[in-house]
Amino acid sequence: MEAHVVVEALALAESAGTVREAAQVLRAHYSKLHVVVVDAFDMRDERPAATGATRALYYGATDGHCWQVTNDPAQAAGFFLTEA
């Protein structure tokens, strides 16, 4: 995933009223990427790809079956999205 995508995605997520609305916006804008809303507590030990005033994005990678957080944008196939 290119660096500008996460910057743009965070701006879109920040513009939404709720985290669920942010996920809908991201899914509509990036139809090929998966977007999963998770609780910020569950991501407490992970490093976000981008953090704004109200939202945080984490890169998500998959092996075709399981999903995990990655710090490598080249492996990213989507985002985990939380409240900041």
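What counts and how
- Each chain carries its own residue numbering, running from 1 in the direction its sequence is written.
- Given that the model is predicted, a residue must reach a pLDDT of at least 70 before its local features are reported, and side-chain atom pairs must reach 80 or more before they are shown or counted; all residues, however, enter totals for whole chains, interfaces and linings.
- By convention in this description, side-chain values take in all heavy atoms of the structure and omit both hydrogens and water.
- Helix and strand assignments follow DSSP, with helices taken as H or I runs no shorter than four residues and strands as E runs no shorter than two, numbered in order from the N terminus.
- By this rule the span expected of a helix is its residue count minus one, scaled by 1.5 Å.
- The buried label applies to any residue whose accessible area, calculated with a 1.4 Å probe on protein chains only, is under 20% of its type's maximum; exposed applies above 50%, and partly exposed to all values in between.
- Here, the arc refers to the directions that run from the helix axis to the C-beta atoms.
- In what follows, residue pairs with any heavy atoms lying within 4.5 Å of each other are defined as contacts.
- Definition of nonpolar core: a set of buried residues of the types Ala, Val, Leu, Ile, Met, Phe, Trp, Tyr and Cys, connected through side-chain atoms within 4.5 Å.
- Any two strands with at least two DSSP-identified bridges between them are counted as paired.

Student: Explain helix α1 (residues 3–15) residue by residue, including any values.
Tutor: For α1, built from 13 residues, the straight-helix expectation of 18 Å at 1.5 Å per residue is met to within 8% by its first-to-last C-alpha distance of 19 Å. Residues of α1 that are buried: Val 5, Val 6, Ala 9, Leu 10 and Ala 13. When α1 is viewed along its axis, its buried side chains cluster within an angular range of 130 degrees and face the same direction. Away from the buried face of α1 by more than 90 degrees, exposed residues Ala 3, Val 7 and Ser 15 are located. Where α1 is buried, its residues contact α2 (19–29), β2 (50–51), β3 (55–62) and β5 (78–83).

Student: Describe in detail the environment of Phe 80, supporting the description with residues and values.
Tutor: Locating Phe 80 in the fold gives a position in strand β5. Residues Phe 80 and Asp 42 lie 38 residues apart in sequence; the distance between their C-alpha atoms is 11 Å. Not counting the four nearest positions on each side in its chain, Phe 80 is found in contact with Val 36, Val 38, Met 43, Ala 56, Leu 57, Tyr 58, Tyr 59, Gly 60, Trp 67, Gln 68 and Val 69.

Student: Describe α2, listing the residues and the values that go with them.
Tutor: Every buried residue of α2 is accounted for by Val 19, Ala 22, Ala 23 and Leu 26. When α2 is viewed along its axis, its buried side chains cluster within an angular range of 100 degrees and face the same direction. Summarising the geometry of α2, the exposed residues directed more than 90 degrees from the buried face are Arg 20, Gln 24 and Ala 28. Tucked inside the fold, the buried residues of α2 contact α1, β1 (34–37), β3 and β5.

Student: Help me get a handle on the nonpolar core, residues and values and all.
Tutor: Core analysis: the biggest nonpolar cluster contains 18 residues, and Val 6, Ala 9, Leu 26, Leu 57, Phe 79 and Leu 81 have the highest contact counts within it. If you list the elements that add at least two residues to this core, you get α1, α2, β3 and β5. Per-element accounting of this core gives the leading share, five residues, to α1. If sequence neighbours within four positions are ignored, Phe 79 has contacts with Met 1, Val 5, Val 6, Ala 9, Leu 33, His 34, Val 35, Val 36, Leu 57, Tyr 58, Tyr 59 and Gly 60.

Student: Residue-level account of the pairing of β5, with values.
Tutor: Buried residues dominate β5, accounting for five of its six residues. With four bridges joining them, β1 and β5 adopt parallel strand pairing. Residue pairing for β5: Val 37 is matched across the bridge by Leu 81. Both β3 and β5 contribute to a ladder of six bridges, which runs antiparallel.

The analysis is restricted to geometry; functional conclusions fall outside its scope.
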